[in-house]
Amino acid sequence: MPTERSFDGHPTVRRGRRTLSLWALREDVLVDTGCPSGAVVLSGRWGEVRMRHASPSVREALRRMRLGPISLANVVAGAPPSPSYTEGSGGGPSVESSLAEILMVLQRLQHLVVRSLGLDSPDHLLMSVVPISQSARYGPAAVDEKHPIRLSQFAFLRSEGKGFVLESPTSLHRVVLHCPEASWVIGMLGRPISSAEVAAAVPLPAEATREIIAHLLGTGMVVPAESSPSPDLGGGADPATGALQDDGVLHPSVPGFAEDSDPALASWSAIDLLFHTRSTLGRHDADFGATYPLADRMAPAPAVKPLPEGPRIPLARPRISDMPASDPPLSSVLEGRRSIRSFGSERLTADVLGEFLFRALRVRSLHDGARGGEEGAFTDRPYPSGGRAYELEFYLAVRDCAGIPPGIHYYAPLEHCLVQVGDSDNKSAMAELFAEARIAAGLTDLPAVVITITSRIHRLAWKYSGLPYALTLKHVGAVTQNLYLVGTAMGLASCALGSGDIDLAARATGLDWRIEPSVGGFVLGTLPEELAQSAVVRHDFHRSNPQAGTGVQPLPID
């Protein structure tokens with residue numbers, strides 16, 4: 001396999017050296033040339049490709065490409081004559097036809113083929129372009145040395161420990177940079193610049209720089225400026241100089257790029273689009289789903305979080321059998337659900353808060369997992385959770401609740417109790433939590449309780465690849481609806497928080513945000529007086545008329 005040059009030393013100038021176009025197969029592709037039918041079978045993550053009439057030169061090329069990057073010229077130079085070769089016809093046409101045949105086959109196999117650039121030898125790689133989707137197709141783009149180009153605003157450069165990797169949610173390829181000189185090319189492309197300027201600045205032969213840029217353009221990692229000026233600049237533009245020409249006077253201008261004005265991309269930030277494409281299937285080749293990536297390194301997190309140290313406050317357990325008689329119908333609850341941003345003067349009580357938590361968040365049952373597979377024990381709760389993970393936890397900042405001392409409390413869903421966490425040092429953090437909630441939700445009053453939702457993300461990361469954070473956010477949505485519906489059924493004022501300060505939440509709860517980050521929030525209080533009366537009327541009506549369905553109008557709150 002080719003060696004990668006260290007990124008530690010100073011790059012050396014490689015002027016006048018030969019650039020090689022190299023070809024290989026993805027590392028996960030297997031080549032079987034021993035089929036009884038004589039076919040060549042390529043097997044990879046996207047299934048099999050079967051070639052029934054592969055020539056000797058194609059077979060040899062695929063065999064070598066399985067071992068690492070190769071020059072196709074070396075393959076055809078040492079290959080036996082093609083079937084079209086006849087004695088006396090000369091070797092030139094045979095070599096050319098063999099090369100054309102190999103290239104035609106590789107064109108069909110683009111989603112399996114890694115294209116690389118090397119200097120002088122396949123052992124000295126500059127960069128490689130790896131397809132990451134079955135739909136991946138590209139070819140090196142033509143390079144106009146004077147035309148402005150730049151790195152796509154959606155491209156990300158990161159380290160894999162041995163070098164840099166360039167990725168973009170808008171590209172179906174991954175670019176691996178094998179040496180410091182290649183990374184210098186990327187470093188020059190943070191602003192509009194011509195390829196001639198890049199070639200003059202980096203320690204590479206001009207031909208090698210042009211080839212790198214051609215591949216980057218082909219993959220969409222680098223984008224060319226539009227030939228016409230940006231709409232807001234007016235006039236005529238010279239794409240070579242990036243200057244407007246107006247009555248013979250040159251005015252500086254900034255080249256326009258299509259991705260900057262593409263309406264399909266306008267709604268996406270680079271980070272959001274990357275998160276979307278990496279937490280779904282179709283535009284990446286990373287492991288995905290229940291692959292148990294951490295099973296060999298550590299044990300799974302327990303199904304129920306161990307109780308933290310601190311005073312415990314038992315909560316009343318309502319009778320499940322009494323709830324259907326006292327609750328309005330589900331359809332009325334759904335229609336009456338609103339985000340209520342003002343609160344009444346009546347105090348929330350420990351019994352009411354205990355019933356709310358019991359109905360929405362408790363552990364209904366705990367199973368030992370003897371027949372549950374590798375994950376071990378699991379729980380059942382009133383809201384859904386993918387893979388029965390139930391990784392979400394709930395911390396209550398209590399400001400005003402009769403029977404519950406003010407402070408930060410952890411809700412223990414199995415024991416159905418509150419555990420006071422932190423000490424006097426977190427009083428300022430608690431005050432900040434309420435101030436932040438008021439701003440985030442546009443509250444007119446301070447609520448009685450602010451609930452911080454956290455995620456024991458290891459519960460998901462131990463089992464799933466590609467999914468953990470996206471899945472925990474889906475769980476937050478499910479549990480938020482549960483909190484809303486229970487609050488509405490109980491006649492409480494409730495409102496979700498659309499954002500939160502993760503450092504503030506960690507400080508208030510005493511958690512490490514990397515291990516158990518805050519991922520959502522919710523506020524709770526009593527209804528304001530004008531709405532509480534309506535809620536009482538509705539409640540009494542439903543108790544007297546249990547078959548009334550949705551005949552009562554919902555609360556007039558947006």
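Residues numbered from 1 in each chain as written. Predicted model: local features only at pLDDT ≥ 70, side-chain atom pairs only at ≥ 80, totals over all residues. Heavy atoms only, no water.

### A short note on the confidence of the model for the protein
For the protein, the average pLDDT comes to 88, and 84% of its residues sit at 70 or higher. Predicted confidence for residues 230–237 stays below pLDDT 50, and this span has 17 contacts to residues more than four positions away or in other chains. (pLDDT = per-residue confidence, 0-100. Contact = heavy atoms within 4.5 Å.)

### Brief notes about helix α12 (residues 427–441)
Note: α-helices contain 3.6 residues per turn, so residues at a spacing of three or four share the same orientation. In this model, α12 (15 residues) spans 21 Å end to end at C-alpha, consistent with the 21 Å of a helix rising 1.5 Å per residue. Considering only its buried residues, α12 is in contact with β21 (392–398), β23 (407–412), β25 (449–455), β27 (492–497), α15 (502–509) and β28 (518–526). Downstream of α12 by a residue or two, Gly442 has a phi angle that is positive, lying close to 65°. (Helix = DSSP H or I, 4+ residues; strand = E, 2+ residues; numbered from the N terminus. Expected span 1.5 Å × (residues − 1).)

### As for unusual backbone geometry
Among all residues except glycine, the phi angle is most often negative; among peptide bonds, the trans geometry is most common. Positive phi, close to 55°, is recorded for Tyr292, a residue that is not glycine. By the element assignment, Tyr292 lies in the loop between β16 (289–290) and β17 (312–314). On the basis of relative accessibility, which here comes to 21%, the residue Tyr292 falls in the partly exposed class. Phi at His416 takes a positive value of approximately 50°, unusual for a residue other than glycine. Note that His416 resides in the loop between β23 and β24 (417–421). (Buried < 20%, exposed > 50% of the residue type's maximum accessible area, 1.4 Å probe, protein only.)

### Notes on the sheet that holds β17
The strand order β17-β24-β23-β21-β25-β28-β27 describes an open sheet built from seven strands, whose pairing is antiparallel. Looking at strand neighbours, the two that pair on one side only are β17 and β27, the edges of this open sheet. Each neighbouring strand pair of the sheet contributes to a mean axis angle of 25°, computed without reference to strand direction. Here β25 runs beside β28; their pairing, made up of six bridges, is antiparallel. In the strand pairing of β28, Thr452 is matched with Gly521. Most of the contacts of α12 go to β21, to which it runs at about 105°, and overall it touches β21, β23, β25, β27 and β28. (Pairing = 2+ DSSP bridges. Axes fitted to C-alpha atoms, helices over the stretch in contact; angles between N-to-C directions.)

### Structural notes on the environment of Ala225
Assignment of secondary structure puts Ala225 in the loop between β12 (222–224) and β13 (236–238). Separated by 29 residues in sequence, Ala225 and Val254 have C-alpha atoms that sit 9.5 Å apart. What Ala225 contacts, discounting residues up to four positions off in sequence, is His147, Pro148, Pro255, Gly256 and Phe257.

### Things to note about the pairing of strand β8 (residues 156–159)
Two faces, one strand: in a regular strand the side chains alternate between the faces of the sheet. Across four bridges, β8 lies against strand β9 (residues 164–167) in antiparallel orientation. Within β9, the residue paired with Leu157 across the bridge is Leu166.

### Observations regarding the side chain of Ser168
Within the element layout of this structure, Ser168 appears in the loop between β9 and β10 (173–177). Exposure remark for Ser168: the relative accessible area of 0% places this residue in the buried category. Only 2.8 Å separates the side chain of Ser168 from the side chain of Thr170, close enough to count as a polar contact. Among all residues touching Ser168, those that are not within four sequence positions of it are Phe154, Ala155, Met221 and Arg278. (Polar contact = N/O pair within 3.5 Å; in protein donor to acceptor, adjacent residues only side chain to side chain.)

### Description of the pattern of salt bridges
Two side chains carrying opposite charge are able to pair once their charged atoms lie near each other. Counting across every chain of the model gives 22 salt bridges. The partner of Glu48 in a salt bridge is Arg50, and the shortest N-O contact between them spans 3.6 Å. The closest approach of N and O atoms between Lys305 and Glu516, which form a salt bridge, is 2.8 Å. Of this pair, Lys305 sits in the loop between β16 and β17 while Glu516 sits in the loop between α15 and β28, and the two are 211 residues apart along the sequence. Residues Lys305 and Glu516 agree in their burial class; the two are buried. (Salt bridge = Lys/Arg side-chain N within 4 Å of Asp/Glu carboxyl O.)

### What to know about the nonpolar core
Across soluble globular proteins, nonpolar side chains have a tendency to be buried as a group. Residues Phe356, Leu357, Leu361, Leu396 and Ile404 are the most contacted members of the largest nonpolar core, which totals 59 residues. Apart from residues no more than four positions distant in its own chain, Phe356 is found in contact with Ile451, Leu483, Val486, Gly487, Met490, Leu492, Phe522 and Leu524. Of all hydrophobic cores here, the second largest spans 28 residues; its members include Met127, Tyr138, Ala155 and Ile186. (Core = buried A, V, L, I, M, F, W, Y, C linked by side-chain atoms within 4.5 Å.)

### Some details on a nonpolar patch on the surface
The grouping of Phe275, Tyr469 and Leu473 at the surface amounts to a nonpolar patch, some 250 Å² of accessible area in total. Structurally, Tyr469 can be placed in helix α14 (residues 468–489). Take Tyr469: its relative accessible area is 42%, and that puts it in the partly exposed class. (Patch = residues over 30% accessible without salt bridge, like charges linked within 9 Å, V, L, I, M, F, W, Y side chains within 5 Å. Areas by Shrake-Rupley, 256 points an atom, 1.4 Å probe, with all protein chains shown as cover.)

### Quick word on the packing of helix α4 (residues 180–187) against helix α6 (residues 206–219)
The angle between the axes and the distance between the axes are what describe a pair of packed helices. Where α4 contacts α6, the axes come no closer than 11 Å and their chain directions differ by 60°. On the basis of the axis angle, α4 is oblique to α6. In this structure, α4 crosses over α6, and the sense of that crossing is right-handed. Facing α4, whose interface residues are Ala182, Val185 and Ile186, α6 presents Thr209, Ile212, Ile213 and Leu216. When the residues that make up the contact of α4 with α6 are grouped by side-chain class, the tally is six nonpolar, one polar and no charged. (Parallel < 35°, antiparallel > 145°, perpendicular 65-115°, else oblique. Left-handed = near helix turned anticlockwise from the far one by under 90°. Nonpolar A, V, L, I, M, F, W, Y, C, P; charged D, E, K, R; others polar.)

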